[in-house]
Amino acid sequence: MHELGVTQSLLEIATRHAEQAGATRITRLSLVVGELTSIVDDSVQFYWDLIAAGTLAEGAMLEFRRVPATLRCANCAHEFPLSHDRYVCPRCESSRITVAGGEEFYLESIDVDLPAPV
Amino acid sequence: MPNIPIVETILNVNDQLAEQNRRIFDQAGVLALNVMASPGGGKTSTIGRIIDALRDEARIGVMDGDIVAIDLEGFAAQGIPVSLINTGGNCHLDANMVHSALPSMDLSALDLLIIENVGNLICPAAFKLGSHINVVIASVPEGADKPYKYPAMFRGADVLLLNKMDLAEYMEFDVAYFRHGVEVLNPGLTFFPISCRTGEGLGDLAAWLRLRLAEKAQARG
């Protein structure tokens, strides 16, 4: 249920940028969500439909780009997807591994309508 | 259709509030701990042992994110200042909940504030509270695979406790497998195997916290 706060934050960021640009409506939000962030798309969507109502972003589409969690081998620099049972490099079997990606969570861009030029 | 590039982190609002909390703790010269674990991992027991070990040398307060005050009543009976952050069944504490509870604690009368988070290895990892030290407690009966299943929690830890070590021999707990998972996620993480029942490792934990308190006192001048 922590997606409610996250969704409010999302709406705040999107409307702030839309207002700065003088937009009349937000039609789409492009989000980048790493696998390690424990954010559930369906939950965000559920809250979004409720809280975006009556705002610039009412009816806007949420587009989620999921970034898989990846690990990097410190020995041979090979990057590979995280598997949840074994943290070992599949190429060289080294166990010197670090996290390379999957912690992203940001609003990448929004599509907006601008007022027609006069 | 015009596209506006943004690239702004979505948890920003919580992070900003967490920074505000941090400034409040720093101004009061209080060291703040955020204690996270599964339900039944030993958060309350560990906090009790920390209080036993340090109460003669540090003024300690406890904030607890919970739906009932059971855990706090024992501490309050010992004269420890306590504050219940009623989470109403929420799955984690966030910076705003802690902020709202701050007026109920006299920070100027404390050296150490221990914040007990909601029992959960997933959600609390995403929400900074403004604490100085994230304490993560895993426990032997949960199994050695926890770092592999809940990577974000272990990645955000500043110190890791493995509780209920007195059960390790009965549970065939693979400490090497557990520690390897942790090392990948959080290289060099400070680690104490402990048992709240037998007292194993608690002296080392107390000594480590004593150093952190001394650093805080030095920063205070």
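Procedures and definitions
- Residues numbered from 1 in each chain as written.
- Chains lettered and ligands numbered in written order.
- Predicted model: local features only at pLDDT ≥ 70, side-chain atom pairs only at ≥ 80, totals over all residues.
- Helix = DSSP H or I, 4+ residues; strand = E, 2+ residues; numbered from the N terminus.
- Rg over C-alpha atoms; globule rule 2.2 N^0.38 Å.
- Buried ≥ 20, exposed ≤ 12 C-beta atoms within 10 Å, placed from the backbone.
- Contact = placed C-beta atoms within 7 Å.
- Pairing = 2+ DSSP bridges.
- Axes fitted to C-alpha atoms, helices over the stretch in contact; angles between N-to-C directions.
- Nonpolar A, V, L, I, M, F, W, Y, C, P; charged D, E, K, R; others polar.
- Core = buried A, V, L, I, M, F, W, Y, C linked by C-beta atoms within 7 Å.

Novice: Break down the overall build of chain A for me, citing the residues and quoting the values.
Specialist: Tallying secondary structure elements over chain A gives two helices and six strands in all. Along chain A, helices (α) and strands (β) appear in the sequence α-β-α-β-β-β-β-β when read from the amino end. Compactness check: chain A gives a C-alpha radius of gyration of 19 Å against a globular reference of 13 Å for 118 residues, more than 25% above the reference. Projecting the C-alpha coordinates of chain A onto the three principal axes gives extents of approximately 65 × 35 × 15 Å. When each of the 118 residues of chain A is scored for burial, the buried share is 31%. Pairs at least 24 residues apart make up 72% of the contacts formed inside chain A by residues separated by at least 6 positions.

Novice: Go over the sheet that holds strand 7 (residues 159-163) of chain B, please, and point to the residues and values.
Specialist: All names here are of chain B. Taken in spatial order, the seven strands of this open sheet run 4-3-5-2-6-7-8, and their pairing is parallel. Here the strands that pair on one side only, and so sit at the sheet edges, are strand 4 (82-86) and strand 8 (190-193). Sheet twist, expressed as the mean angle between neighbouring strand axes with direction ignored, is 20°. Across five bridges, strand 3 (residues 60-66) lies against strand 5 (residues 112-116) in parallel orientation. By the bridge assignment for strand 5, Met63 is matched with Ile115. Sheet strands touched by helix 3 (residues 70-77): strand 3, strand 4 and strand 5. Its angle to strand 3, the strand with the most contacts, is close to 165°.

Novice: Now, about the interface of chain B and chain A: what can you tell me, with residues and values included?
Specialist: Facing the 33 residues of chain B at the interface are 30 residues of chain A. At the level of elements, strand 1 (3-9), helix 1 (12-28), helix 5 (146-149), helix 6 (151-155) and helix 8 (175-185) of chain B are the ones that each hand at least two residues to the side of chain B that touches chain A. Among the elements that make up the side of chain B that touches chain A, the one with the highest residue count is strand 1 of chain B (seven residues). Here the side of chain B that touches chain A is composed, by residue class, of 20 nonpolar, eight polar and five charged. Here strand 6 (residues 105-113) of chain A runs beside strand 1 of chain B; their pairing, made up of five bridges, is antiparallel. What sits directly across from A:Ile110, in strand 1 of chain B, is B:Ile4.

Novice: Tell me what's going on with unusual backbone geometry, and back it up with residues and numbers.
Specialist: Positive phi values are uncommon outside glycine, yet A:Ala77 reaches one of about 70°. With respect to the secondary-structure elements, A:Ala77 resides in the loop between strand 3 (70-73) and strand 4 (79-81). Backbone geometry places B:Val7, a non-glycine residue, at a positive phi of 50°. Looking at the element boundaries, B:Val7 is found in strand 1.

Novice: How would you summarise the nonpolar core if you had to cite specific residues and measurements?
Specialist: Generally speaking, soluble globular proteins have nonpolar side chains that are buried together. A:Ala14, A:Ile26, B:Val35, B:Leu113, B:Ile114, B:Ile115 and B:Val136 are the most contacted members of the largest nonpolar core, which has 93 residues in total. What A:Ile26 contacts, discounting residues up to four positions off in sequence, is A:Ala14, A:Ala18, A:Leu56, A:Ala57, A:Ala60, A:Ile110 and A:Val112.

Novice: Any chance you could break down the sheet that holds strand 6 of chain A for me, citing the residues and the numbers?
Specialist: The sheet built from four strands is open, its strands ordered 2(A)-1(A)-6(A)-1(B) with mixed pairing. Strands at the two margins of the open sheet, each flanked by one partner only, are strand 2 (61-67) of chain A together with strand 1 of chain B. Across this sheet, the average inter-strand angle for adjacent strands is 20°, counted without regard to direction. Taken together, the seven bridges between strand 1 (residues 25-34) of chain A and strand 2 of chain A define a ladder with parallel strand orientation. From the neighbouring strand, A:Gly34 faces strand 2 of chain A, where its bridge partner is A:Val67.

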